[in-house]
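If you want the building blocks of each chain, they are given just below.
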Amino acid sequence: MLYFVSSNAHKYEEFRRMLSGVADLGFVEAEYLEPQAEDLEEVVVTSAKWLSPYIRGPFFIEDSGLFIDSLGGFPGPYSSYVFKRIGNSGILKLMEGFKNREAIFVSAIALSFQGRIEVFKGEVRGEIAERARGGGWGFDPIFIPYGSGGLTYGELGERKDLFSHRGLSCKKLREFLEERWE
Ligand code: ITT
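On a predicted model such as this, the values are computed, not experimentally measured, just so you know.

A. Expanded view of the side chain of K11. Examined against the element boundaries, K11 turns out to sit in helix 1 (residues 9-18). Ignoring anything within four residues of it in the chain, the contact list for K11 reads F4, S6, E62, D63, S64, W137 and R166.

Structure, rendered in structure tokens:
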């Protein structure tokens, strides 16, 4: 069994869906120590090293962040905290008056496997919508990935996986596991 450690059940659902047929995915619902760093790769590698003595067998974690160009990359590594504090309406308010609504959604996975830490990254460019559209969770209703025909993650439903930052990082994880997972 491969384990995903996270406090976020939505992420687990997405990974389970995307890794089906490759590995059975268990969920360890837990919060863990995250260093304050701008680079998500640094965050996940440090956290995975910190977690490894506590978890028997292979596991992975993921850190994601929404980097908005006009806001100097904010909220970036602080996305979870900012979402909890001000939500999508707060982000839309901050964006009022900005013509440039471009943003990048980034996902970094650290896999602890056979004594090593492997990193897989995914990045998607897109735009912050003028208003919230569709369902989903977190920033889903306000992020429009390029190539989706103007639909937000929230409006894409499960098709989000085909366009998303997590879809890209998970594709790399999947390819890695396809060659090694038994
Ligand atoms: P962990 O315990 O796995 O860290 P988390 O929710 O704190 O779970 P992150 O630190 O990666 O996750 O925070 C990223 C935040 O960005 C997350 O809480 C959401 O609000 C938002 N987010 C990340 N990926 C998203 C996605 O695919 N769709 C919508 N919002 C997303």
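Once you've had a look at it, read on.
B. Focus on the pattern of salt bridges. Scanning all chains against the criterion turns up 15 salt bridges. Between D161 and R17 there is a salt bridge whose closest N-O contact spans 2.8 Å. Here R17 lies in helix 1 and D161 lies in helix 5 (residues 160-163), a separation of 144 residues in the sequence. Classification of R17 by relative accessible area gives partly exposed; the value is 30%. Between R125 and E102 there is a salt bridge; the shortest N-O distance is 2.4 Å. Here R125 is found in strand 6 (residues 116-128), whereas its partner E102 is found in strand 5 (residues 102-113), with 23 residues between them in sequence. Note on E102: relative accessible area 27%, which makes it partly exposed.

C. How the structure looks around the site of the ligand. Residues in close proximity to the ligand total 20 residues, the closest being S6, S7, S64, D140 and K160. H165 is positioned with one of its side-chain polar atoms (N or O) 3.3 Å from a nitrogen atom of the ligand. At 2.9 Å, a side-chain N or O of R166 approaches an oxygen atom of the ligand. Cavity membership is defined here by more than half of the atoms lying within 2 Å of grid points; on that basis the ligand lies in the largest pocket. Among the secondary structure elements, those contributing two or more residues to the shell around the ligand are strand 3 (59-68), helix 3 (79-94) and helix 6 (165-180). Partitioning the shell around the ligand into residue classes produces 5 nonpolar, 8 polar and 7 charged.

D. Just a nonpolar patch on the surface, in detail. A cluster of nonpolar residues, L33, W50 and Y54, forms a patch on the protein surface that exposes about 380 Å² of accessible area. Turning to its location among the elements, W50 is positioned in helix 2 (residues 40-51). Overall, the relative accessible area of 38% leaves W50 in the partly exposed class.

E. A look at the nonpolar core. Membership of the largest hydrophobic core comes to 18 residues, with the highest contact counts inside it found for L2, L19, L25, F60, L111, L173 and L177. If you list the elements that add at least two residues to this core, you get strand 1 (2-6), helix 1, strand 5 and helix 6. Excluding residues within four positions of it along the chain, L19 makes contact with L2, L25, F60, C170, L173, R174 and L177. Counting residues in hydrophobic clusters, the runner-up holds 15 residues, among them A103, F105, V124 and Y153.

F. Examining helix 3 more closely. With 16 residues, helix 3 extends just 14 Å between its outermost C-alpha atoms, more than 12% less than the 22 Å of an ideal straight helix rising 1.5 Å per residue. At I86, helix 3 shows its maximal bend, which comes to roughly 90°. For helix 3, the elements touching its buried residues are strand 3, strand 4 (75-76) and strand 6.

G. Expanded view of the packing of helix 1 against helix 6. As a packed pair, helix 1 and helix 6 sit with axes 10 Å apart at the nearest point and diverge in direction by 45°. Between helix 1 and helix 6, the crossing angle belongs to the class labelled oblique. By crossing handedness, the relation of helix 1 to helix 6 is classed as right-handed. Each of K11, E14, F15 and M18 in helix 1 lies in contact with helix 6, whose residues at this interface are R166, G167, C170 and R174. Of the residues belonging to the contact of helix 1 with helix 6, the class tally is 3 nonpolar, 1 polar and 4 charged.

What counts and what doesn't
- Residues numbered from 1 in each chain as written.
- Predicted model: local features only at pLDDT ≥ 70, side-chain atom pairs only at ≥ 80, totals over all residues.
- Heavy atoms only, no water.
- Helix = DSSP H or I, 4+ residues; strand = E, 2+ residues; numbered from the N terminus.
- Contact = heavy atoms within 4.5 Å.
- Salt bridge = Lys/Arg side-chain N within 4 Å of Asp/Glu carboxyl O.
- Buried < 20%, exposed > 50% of the residue type's maximum accessible area, 1.4 Å probe, protein only.
- Near = heavy atom within 4 Å.
- Polar contact = N/O pair within 3.5 Å; in protein donor to acceptor, adjacent residues only side chain to side chain.
- 1 Å grid on protein atoms, 1.4 Å probe; cavity = no way out; pocket = protein on both sides within 12 Å on 5 of 7 lines; lining within 4 Å.
- Sits in = over half its atoms within 2 Å of the grid points.
- Nonpolar A, V, L, I, M, F, W, Y, C, P; charged D, E, K, R; others polar.
- Patch = residues over 30% accessible without salt bridge, like charges linked within 9 Å, V, L, I, M, F, W, Y side chains within 5 Å.
- Areas by Shrake-Rupley, 256 points an atom, 1.4 Å probe, with all protein chains shown as cover.
- Core = buried A, V, L, I, M, F, W, Y, C linked by side-chain atoms within 4.5 Å.
- Expected span 1.5 Å × (residues − 1).
- Bend = angle between axes of the 7 residues up to and from the residue.
- Axes fitted to C-alpha atoms, helices over the stretch in contact; angles between N-to-C directions.
- Parallel < 35°, antiparallel > 145°, perpendicular 65-115°, else oblique.
- Left-handed = near helix turned anticlockwise from the far one by under 90°.

Honestly, that's just the spatial picture; any functional story needs more than this.
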